[in-house]
Amino acid sequence: MLRLVLIFPFLTNLLSCGKQAFPDYSQENPDLPYYSQDVVLGGEFSLFNVKYIPRFKVSALMWIDGNQFYARVVMDKGPRKIRFKQFIHQGSRCPDRRDDLNLDQTIDYSEAITASGDILIPLDGNIENQDSGKGDFPSTNEKGMYYYSRSGSISKMLNDLRLPDVDLKDNISKLTKNENLDLERRVMILYGSSGDPLLPVACLMIKVKDHSPR
């Protein structure tokens, strides 16, 4: 059985957390090929627009086991009672100062999209379908913490990502005809603040860190 693991910095005590488990989904096709061996992926975590947000800690873990895709995101010491939106984008780099096109010292949503590409996978209530889980994103509690955990069928996810893109203006795109998922060249961006729910606040560049043959 193949397993893909993505480990991001600031991943503290995540693997030992036993209070919450992933949903129990069936293994529809455990022999579905994805990688020929375990692949460990990681990236450097960076904050955006820090004058508007506290310096919080966030960690993410994703992997593929057979036909199951798993995603887990944890925030600690963040702003209280704020809903955060989290997306994997098409692009391969995080926004930086050069992307502040209007020179207002803030990287806004449109500038983040320009730099990192359209949204590819919303990490929301349904990771198998771009549309079905809209609006179901995690919120921090009174201590500024949230725990997001979802899993789903990788084949259903890929089938959805290869459907025609019926709305070319919503900043959510599909894979092109010959394009693979290629998570190791994508970025994940976290959005949310008390004044602007689409203010980008953090980004992770996904890179291959290690290969561990089974």
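Residues numbered from 1 in each chain as written. Predicted model: local features only at pLDDT ≥ 70, side-chain atom pairs only at ≥ 80, totals over all residues. Heavy atoms only, no water.

Observations concerning the side chain of Asp 160
Line of reasoning, step 1. Along the chain, the position of Asp 160 falls in helix H2 (residues 154-161).
Line of reasoning, step 2. Asp 160 sits in the buried class, given a relative accessible area of 7%.
Line of reasoning, step 3. Not counting the four nearest positions on each side in its chain, Asp 160 is found in contact with Glu 128, Asn 129, Gln 130 and Lys 174. (Helix = DSSP H or I, 4+ residues; strand = E, 2+ residues; numbered from the N terminus. Buried < 20%, exposed > 50% of the residue type's maximum accessible area, 1.4 Å probe, protein only. Contact = heavy atoms within 4.5 Å.)

A few points about the state of the cysteines
Line of reasoning, step 1. Per the counting criterion, the structure on display carries 1 disulfide.
Line of reasoning, step 2. The disulfide bridge from Cys 94 ends at Cys 203, spanning 2.0 Å between sulfur atoms. Here the disulfide of Cys 94 and Cys 203 is left-handed, its torsion about the S-S bond being about -85°. Residue Cys 94 is found in the loop between strand S6 (85-89) and helix H1 (109-116), and its partner Cys 203 is found in strand S10 (residues 200-205); the two are separated by 109 residues along the sequence. With respect to burial, Cys 94 and Cys 203 carry one shared label: buried. (Disulfide = S-S within 2.5 Å.)

Regarding the packing of aromatic side chains
Line of reasoning, step 1. Per the counting criterion, the structure on display carries 5 aromatic pairs.
Line of reasoning, step 2. In this structure an aromatic cluster arises from ring pairing among Phe 87, Tyr 109, Phe 137 and Tyr 191. (Phe/Tyr/Trp six-rings, centres within 6.5 Å; stacked < 30°, edge-to-face > 60°.)

Regarding the confidence of the model for the protein
Line of reasoning, step 1. Overall, the predicted model of the protein reaches an average pLDDT of 77, with 72% of residues at or above 70.
Line of reasoning, step 2. In the predicted structure, residues 1-40 sits below a pLDDT of 50 and forms 121 contacts with residues beyond four places in sequence or in another chain. (pLDDT = per-residue confidence, 0-100.)

Observations concerning the pairing of strand S5 (residues 68-76)
Line of reasoning, step 1. Most of S5 is tucked away: 8 of the 9 residues are buried.
Line of reasoning, step 2. Two elements, strand S4 (residues 57-65) and S5, share 9 bridges in a ladder whose sense is antiparallel. Within S5, the residue paired with Val 58 across the bridge is Met 75.
Line of reasoning, step 3. The turn linking S4 back onto S5 is made up of 2 residues, and Gly 66 within it adopts a positive phi angle of 65°. (Pairing = 2+ DSSP bridges.)

What about H1?
Line of reasoning, step 1. Counting buried positions along H1 gives 6 out of 8 residues, so the element sits mostly inside the fold.
Line of reasoning, step 2. Taken as a whole, H1 has its buried residues at Tyr 109, Glu 111, Ala 112, Ile 113, Ala 115 and Ser 116.
Line of reasoning, step 3. Against S6, strand S7 (119-122), strand S9 (187-191) and S10 lie the buried residues of H1.
Line of reasoning, step 4. Directly beyond the C-terminal end of H1, a positive phi value near 85° is found at Gly 117.

Some words on the environment of Trp 63
Line of reasoning, step 1. Note on placement: Trp 63 falls in strand S4.
Line of reasoning, step 2. The class for Trp 63 is buried, based on a relative accessible area of 15%.
Line of reasoning, step 3. Separated by 88 residues in sequence, Trp 63 and Ser 151 have C-alpha atoms that sit 9.5 Å apart.

Remarks on the environment of Glu 179
Line of reasoning, step 1. The topology assignment puts Glu 179 in the loop between H2 and S9.
Line of reasoning, step 2. Overall, Glu 179 belongs to the buried group, its relative accessible area being 13%.
Line of reasoning, step 3. For the pair Glu 179 and Arg 162, spaced 17 residues apart in sequence, the C-alpha separation works out to 8.9 Å.
Line of reasoning, step 4. In this structure the side chain of Glu 179 is engaged in a polar contact, spanning 3.0 Å, whose partner is the backbone nitrogen of Thr 176.
Line of reasoning, step 5. Separated by 3.0 Å, the side chains of Glu 179 and Arg 185 make a polar contact. (Polar contact = N/O pair within 3.5 Å; in protein donor to acceptor, adjacent residues only side chain to side chain.)

Let's talk about the pattern of salt bridges
Line of reasoning, step 1. Taken as a whole and assessed by the stated rule, the structure comprises 8 salt bridges.
Line of reasoning, step 2. A salt bridge links Asp 182 to Arg 185, with the nearest nitrogen and oxygen atoms 3.5 Å apart.
Line of reasoning, step 3. What makes Asp 182 partly exposed here is its relative accessible area of 23%.
Line of reasoning, step 4. Take Arg 185: its relative accessible area is 32%, and that puts it in the partly exposed class.
Line of reasoning, step 5. What you see here is one network of salt bridges that share partners, running through Arg 93, Asp 96, Arg 98 and Asp 99. (Salt bridge = Lys/Arg side-chain N within 4 Å of Asp/Glu carboxyl O.)

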